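Here is how the chains run, residue by residue.
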Amino acid sequence: MSRKYSLAFALALGTASFAAAAQAQEVRFTCAYDGNGCEVLKDILSRYEKQHPDVKIVTDVVPYKALLEGLPVQLAGGSGPDFATVTDLGGLNRYYLDLTPYVDAKYWQDNFGDVLKWYRSGPDDKGIYGMQTQLTITGAFINRTLFDQAKVAVPGKDATLDDWAKVANEVAKATGSPYPMAIDRSGHRIAGPAISYGAKLFDADGKPILVDEGFTTFVKKFVDWNKDGTMARDVWAGQGGNTYRDAAQEFINGQLVYYYSGSWQTARFDSQVGDAFDWEVVSQPCGPAACTGMPGGTGIVGFKQTKNPKIVADILNFLAQDENYLDFTVRTRNVPAHKAVGAKPIDYTGATPATQKAMNAWLDQVPGISPIAYAYQGYKNNRAMFNISVQRVTQAIVGESSVDDAMARAKTDLEEALKQAK
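Residues numbered from 1 in each chain as written. Predicted model: local features only at pLDDT ≥ 70, side-chain atom pairs only at ≥ 80, totals over all residues. Heavy atoms only, no water.

## Section: the overall build of the protein chain
Scanning the protein chain for helices and strands turns up 18 helices and 10 strands. For the protein chain, the C-alpha radius of gyration of 23 Å lies close to 22 Å, the compact-globule estimate for 422 residues. A principal-axis box enclosing the C-alpha atoms of the protein chain has dimensions of 85 × 50 × 40 Å. Here the contacts in the protein chain between residues at least 6 apart in sequence split such that 75% fall between residues at least 24 apart. The average position of the 43 basic charges and that of the 47 acidic charges among the side chains of the protein chain differ by 3 Å. (Helix = DSSP H or I, 4+ residues; strand = E, 2+ residues; numbered from the N terminus. Rg over C-alpha atoms; globule rule 2.2 N^0.38 Å. Contact = heavy atoms within 4.5 Å. Lys, Arg positive; Asp, Glu negative; His and termini not counted. Charge placed at Lys NZ, Arg CZ, Asp CG, Glu CD.)

Right under this line is the structure:
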């Protein structure tokens, strides 16, 4: 072939490649995770793009707060992404794309059957809407180095939250640590301890009530601990409205003795604490009714408004396959929600001994999750209940109302929220 024709051929190839790239279907993915979840997903999705050069996935990584508060507004206005990570699983159901026509329903039911219902509008809804990327559980971390320095014994499996408050104060005093305890500013995060102290959250007919004697008992303890310095007060009192706030940075900085958050923080502590101090996951704090955390986790869903439903469904199906799901689980240090992946021992490759131990601790806690906690996580209007909890408990913490008044208002808030939901 002459140089003239070679050049022409190369130009033709370049033009064809440019045209193919120009014709690639672009889909947008909004991602928010604690830790490295979005980074890992972007890498896995790049493999999908290599297998499907006609698809371009644009990933927008946003803070969790932006996802929680901004995504519902975008969807309501018709300007949302094609697919996204979500934690308000059932609450956003009206926007979801049903994947059923595009995927192997049996595969999804076999592997995600226990959590698919969390995404549905109600018991009569049989759609497949989301892929649960992990099964999280709320629970506690301790700075073990501080316990050792203070020469205070770590409480055992039957320890109550009152027991933990006592020893956390002892450790903080002995070591000069500014914060004995902290719980994330989240209605979801305080739900587990509330259930352990007797909160039922629903009546005998399954109607949500939120406030009862058990819930109030826990809230009174929590408010008192915020006022006497047991809890890091600014985590709750330093924010307004429904704003989410965690205390991970305080823990990473070695300032916090006992931190109640959840399993999703494990990868973050693995990478950011390093060898600064020894940390570990401890048993669920007990109450008179249970020793439970809240299940949950982030899922990925497609939205009805997408112009490429088949592509979006295919991407989610790709992420759900055993090999890709296991890759995400190992690299993000999470408990799998995928039955086939979770049925085999998982080697968290590259994890430190602390993280391997932590993951085993989380796995041990899953069987003890209360049925009330599963029901609460699966309830489609739980976001309203979480928000009410945050707002009213905060008012009691900062002294705007008594606990009893705050709980009375919470009941009224729930009644109004349920009316609006209908």
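## Description of the state of the cysteines
The full count for this structure, using the stated rule, is two disulfides. Each sulfur in the disulfide pair Cys31 and Cys38 lies 2.1 Å from the other. Note on the Cys31 and Cys38 pair: the S-S dihedral is about -100 degrees, so by sign convention the disulfide is left-handed. With its sulfur 2.0 Å from that of its partner, Cys286 forms a disulfide with Cys291. Of note, the bridge from Cys286 to Cys291 carries an S-S torsion of about 105 degrees and is right-handed in sense. With relative accessibility at 35%, the residue Cys291 sits in the partly exposed group. With its bonded cysteines labelled in order along the sequence, the protein chain shows the pairing 1-2, 3-4. (Disulfide = S-S within 2.5 Å. Buried < 20%, exposed > 50% of the residue type's maximum accessible area, 1.4 Å probe, protein only.)

## As for the sheet that holds strand β4 (residues 130-132)
Ordered by their spatial adjacency, five strands build an open sheet running β2-β1-β3-β10-β4, and the pairing between neighbours is mixed. The outermost strands of the open sheet, each flanked by one partner alone, are β2 (55-61) and β4. Taking the axes of each pair of neighbouring strands and ignoring which way they run, one obtains an average angle of 20 degrees across the sheet. In this sheet, strand β10 (residues 299-302) lies alongside β4 in antiparallel orientation, the contact comprising three bridges. Following the sheet pairing, Gln132 is matched in β10 by Gly299. Taken strand by strand, helix α3 (residues 64-76) contacts β1 (25-31) and β3 (83-86), and its axis lies near 130 degrees from that of β3. (Pairing = 2+ DSSP bridges. Axes fitted to C-alpha atoms, helices over the stretch in contact; angles between N-to-C directions.)

## Quick notes on helix α12 (residues 309-320)
Over its 12 residues, α12 extends 16 Å from the first C-alpha to the last, a length consistent with the 16 Å expected when each residue adds 1.5 Å. Here α12 has its buried residues at Ile311, Val312, Ala313, Ile315, Leu316, Asn317, Phe318, Leu319 and Ala320. (Expected span 1.5 Å × (residues − 1).)

## Here we look at the side chain of Thr133
Mapped onto the elements of the fold, Thr133 is located in the loop between β4 and β5 (136-143). For Thr133, a relative accessible area of 1% puts it in the buried group. At 2.7 Å, the side chain of Thr133 forms a polar contact with the backbone oxygen of Thr298. Dropping the residues within four chain positions of it, Thr133 is found in contact with Tyr33, Thr298, Gly299, Ile300, Tyr325 and Phe328. (Polar contact = N/O pair within 3.5 Å; in protein donor to acceptor, adjacent residues only side chain to side chain.)

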